[in-house]
Amino acid sequence: MKALDLYNKLRNDFIKDGIKDVDWANRMPNLNKYLFPAFKQNGGIGLMCDFTDKIQKVYTTVFLSEKVLLKILSDNISNAMLFSHHPTNWDLKKHNGNYAADEKLIAKLQERDISIYILHHPLDNYSKYSTCGTLADKLNIAIEKPAFLYFGAMCGIIGTTDCETVGELQKRYTRAVGHKTSLYLYGDENIKGEKVAVCPGGGNIKEVVEEMIDNNVRTLITGVTIVNDYSRGIHEFEKENKINLLGGTHYSTEKYAPMEMCKYFNNLGLPSEFIDDEPNLYDL
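Residues numbered from 1 in each chain as written. Predicted model: local features only at pLDDT ≥ 70, side-chain atom pairs only at ≥ 80, totals over all residues. Heavy atoms only, no water.

Take the sheet that holds strand β9 (residues 182-184) next. The strand order across the open sheet built from six strands is β7-β8-β10-β11-β12-β9, with neighbouring strands paired in mixed fashion. What marks the edges here is a single partner per strand, and that holds for β7 (142-150) and β9. In this sheet, adjacent strand axes meet at a mean angle of 20° when their direction is disregarded. Of the strand pairs in this sheet, strand β10 (residues 195-198) and strand β11 (residues 219-222) are connected by two bridges, and their pairing is parallel. Bridge pairing links Val 198 to Ile 221 in β11. Strand contacts of helix α8 (residues 166-177): β9, β10, β11 and β12 (244-247), with the helix running at about 15° to β12, the strand carrying the most contacts. Of the strands in this sheet, β7, β10 and β11 are in contact with helix α9 (residues 206-214), which crosses β7 at around 135°. (Pairing = 2+ DSSP bridges. Helix = DSSP H or I, 4+ residues; strand = E, 2+ residues; numbered from the N terminus. Axes fitted to C-alpha atoms, helices over the stretch in contact; angles between N-to-C directions. Contact = heavy atoms within 4.5 Å.)

Structural data, given as structure tokens:
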């Protein structure tokens, strides 16, 4: 498939008017020479590295981690595209969150004609492929409506669960992601008949909790829930308002979207593969 045709298809299907991002290029100055000009101008949406004219295979992932990049390079493939949710790697403990991918590995992708395409907030925006929708489906949450407008994207959902207690919901969450999850029991344990909110990744912010309160929702399922200097205020706000908080790490709460995107690429006749990565339990 011509690379330009795929880029145009992704832009038309996912990059909606009004969705903005967080100026990723300024966070990775060491990669500046590899970045597509429009990526630097539009806040970091769409084509990040224009390294090929044709695409024969697509890889999908959450972060541009060394593990992911080395896996692609070990396949000895060329004329491919890496579709990633984030244009960065992630480590909250050592790097305070997002940090630039390894320059040497990006250079090797260039040598192998492997482009990089990024949909951060456009993939968060509620759809069948979204981070919030796919996580809700994984947890068997019946979606009532999209919620939490952020940078022009509806980054979460409000819905209902058949779990009767928060503990039961946490056990389901743990089974789904395949590792331990966190629970900050600031509200009622009994949630039978109550609504829940899903806002993956870094959704534990005041704007989300305020909208939950407005909608009489008292349980939030998100990714990063650690109590630190940045988040201490929102944890106190949740205690005051009796909001239960469940965390499943940044990576694990967002991985179901790029996994689902494999179906999107397969439907276009492009073989695709999700590259599994490691959740960082420090997030919890």
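Now for the nonpolar core. Ranked by size, the top nonpolar core spans 29 residues in total, and within it Leu 31, Met 48, Ile 72, Leu 82, Ile 106, Leu 109 and Ile 116 carry the most contacts. At the level of secondary structure, the elements contributing two or more residues to this core comprise β1 (46-49), α3 (66-74), β3 (80-84), α5 (103-111) and β6 (114-118). Not counting residues within four places of it along the chain, the set of residues in contact with Leu 82 comprises Tyr 59, Thr 61, Leu 64, Val 68, Leu 69, Ile 72, Ile 114, Ser 115, Ile 116 and Tyr 117. If you look at the next biggest cluster of nonpolar residues, it comprises 20 residues, including Phe 148, Tyr 184, Ala 197 and Met 212. (Core = buried A, V, L, I, M, F, W, Y, C linked by side-chain atoms within 4.5 Å. Buried < 20%, exposed > 50% of the residue type's maximum accessible area, 1.4 Å probe, protein only.)

Another aspect to go through is the pairing of strand β2 (residues 57-61). Among the five residues of β2, five are classified as buried, and the element is accordingly described as predominantly covered. Here β2 shows no split at all, with Lys 57, Tyr 59 and Thr 61 on one side and Val 58 and Thr 60 on the other all buried. Note that the unit made of β2, α3 and β3 has a crossover that is right-handed. When β2 meets strand β13 (residues 272-274), the two strands line up parallel, connected through three bridges. Counted as the bridge partner of Tyr 59 is Glu 273 from β13. (Right-handed = clockwise from strand over helix to strand, strands pointing away.)

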